[in-house]
Amino acid sequence: GDSVTQMEGPVTLSEEAFLTINCTYTATGYPSLFWYVQYPGEGLQLLLKATKADDKGSNKGFEATYRKETTSFHLEKGSVQVSDSAVYFCALSDRGRDDKIIFGKGTRLHILP
Amino acid sequence: GAGVSQSPRYKVAKRGQDVALRCDPISGHVSLFWYQQALGQGPEFLTYFQNEAQLDKSGLPSDRFFAERPEGSVSTLKIQRTQQEDSAVYLCASSQPGVGTNTEAFFGQGTRLTVV
C-alpha cells in the first residue's frame, strides 16, 4: 500500500542553520504531497503542499519540491528559528481513491538559541 | 466554533471499559476523518466519512472500534472493552472533498486516551 518514510529525529540545530528533513514516498497512483507541523501543545497544521510533479510548496520560509523521479518531497529552510521547534510530518493523499491522508512517523526538530 | 472540536480532551479508562470520543467538525465540511496517534508516531488512519456515509473503515484495528456520523455532522468514535494498546491520541479532521487538490484538512487537538 501507499506509505511515507521520513528521516528519524530528533534533529537538533542552532538558530540560523540550514534545515533539510528527508521524505520519500511509495504510491500506486499519482498522489498529492504535504508537510504538516505540530507545535508543542497544538494540533496538526498544514505547512505546505504540492499536487503535481516539479511543483514547489512554500510557507513561512519552508520549501519542498515534488520530485516524481526520485519519489521525494524533502523539506528545507534556509535559516531556522527557535520558533520552528516542532514535530514535522510528511504525508500523501492519493487523489485517485479517496481523501485519506497517509502520514510518516514524524521528525522532531529542536532549534537551539 | 471556528475549528474542529474534540471532547473530551483527556480520558482515563479502566481496561474493559467502553469509551466514546466526540468530534465536532467545521460547519459544512463534508469529509471527516479519524486517526490514531501513538506516542512518538505519526497519525494512523482509522476511518473516513463523506456526509453520513462511512466510505472507508479499513484502518479500524478491531471490531471493538466503531465510528458513526448519523446526521453528517458530529461524529463519535466508540471503543468497546478498551485494552492498554488502545492508549493513544485520537485525532479528528474535517474538510471539503478534494484534500489532494484544492482543499485542506483541518485537525482537532485530539483526545488523549489512557487505558489503565
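Heads up: the structure comes first, above all this text.
Everything in this summary refers to the structure shown in the same document. (Residues numbered from 1 in each chain as written. Chains lettered and ligands numbered in written order. Predicted model: local features only at pLDDT ≥ 70, side-chain atom pairs only at ≥ 80, totals over all residues. Heavy atoms only, no water.)

**As for the overall build of chain A**
Each helix and strand counted, chain A has zero helices and 12 strands in total. Counted from the first residue to the last, chain A has its helices and strands arranged as β-β-β-β-β-β-β-β-β-β-β-β. On C-alpha atoms alone, chain A measures out to a radius of gyration of 14 Å, which is about the 13 Å that the 2.2 N^0.38 rule sets for 113 residues. Overall, chain A is about 45 × 25 × 20 Å in size when its C-alpha atoms are taken along their principal axes. Buried positions account for 50% of the 113 residues belonging to chain A. Counting contacts in chain A only where the partners sit at least 6 residues apart, residues at least 24 apart contribute 56% of the total. (Helix = DSSP H or I, 4+ residues; strand = E, 2+ residues; numbered from the N terminus. Rg over C-alpha atoms; globule rule 2.2 N^0.38 Å. Buried < 20%, exposed > 50% of the residue type's maximum accessible area, 1.4 Å probe, protein only. Contact = heavy atoms within 4.5 Å.)

**Digging into the interface of chain A and chain B**
Interface size is often expressed as the accessible area that is lost when the parts come together. With 21 residues of chain A at the contact, the number on the chain B side is 26 residues. For the pair chain A and chain B, the summed buried area comes to about 1700 Å², and 52% of that belongs to carbon and sulfur atoms. Summed over the three residues of chain A that lose the most area to chain B, namely Leu44, Asp99 and Lys100 of chain A, the buried surface amounts to 32% of that side. Connecting chain A to chain B are one salt bridge. For lysine 100 of chain A, the salt bridge goes to aspartate 56 of chain B, with nearest N and O atoms at 3.5 Å. Inspection of the region where chain A meets chain B yields four residue pairs in polar contact (both at pLDDT 80 or more). If you list the elements that add at least two residues to the side of chain A that touches chain B, you get β5 (32-38), β6 (44-50), β10 (86-93) and β11 (101-103) of chain A. Ranked by residue count, the leading element in the side of chain A that touches chain B is β5 of chain A, at four residues. Per-class residue counts for the side of chain A that touches chain B are seven nonpolar, seven polar and seven charged. (Buried area = accessible area lost by both parts, 1.4 Å probe. Salt bridge = Lys/Arg side-chain N within 4 Å of Asp/Glu carboxyl O. Polar contact = N/O pair within 3.5 Å; in protein donor to acceptor, adjacent residues only side chain to side chain. Nonpolar A, V, L, I, M, F, W, Y, C, P; charged D, E, K, R; others polar.)

**Quick notes on the environment of serine 32 of chain A**
All names here are of chain A. Turning to its location among the elements, serine 32 is positioned in strand β5. A relative accessible area of 0% places serine 32 in the buried class. Counting along the chain gives 25 residues from serine 32 to methionine 7, while the straight-line C-alpha distance between them is 19 Å.

**A word on the environment of leucine 48 of chain A**
Residues and elements named next belong to chain A. Assignment of secondary structure puts leucine 48 in strand β6. Looking at leucine 48, the relative accessible area reads 4%, which means it is buried. Spatially, the C-alpha atoms of leucine 48 and threonine 107 are 16 Å apart, while their sequence positions differ by 59 residues. Residues within four places of leucine 48 in sequence aside, it is in contact with Leu33, Phe34, Trp35, Gly57, Ser58, Asn59, Phe62, Glu63, Ala64, Phe73 and Leu75.

**Brief notes about the nonpolar core**
All names here are of chain A. Counting residues in each nonpolar core, the largest one holds 27 residues, and the members touching the most others are Trp35, Leu47, Leu48, Phe73, Leu75 and Tyr88. Of all the elements in the fold, those that place two or more residues in this core are β2 (11-14), β3 (19-21), β4 (23-26), β5, β6, β8 (62-65), β10 and β12 (107-112). Residue contributions to this core peak at four residues, all from β10. Beyond its immediate chain neighbours, meaning those up to four positions away, leucine 47 contacts Trp35, Tyr36, Val37, Asn59, Lys60, Phe62, Leu75 and Tyr88. (Core = buried A, V, L, I, M, F, W, Y, C linked by side-chain atoms within 4.5 Å.)

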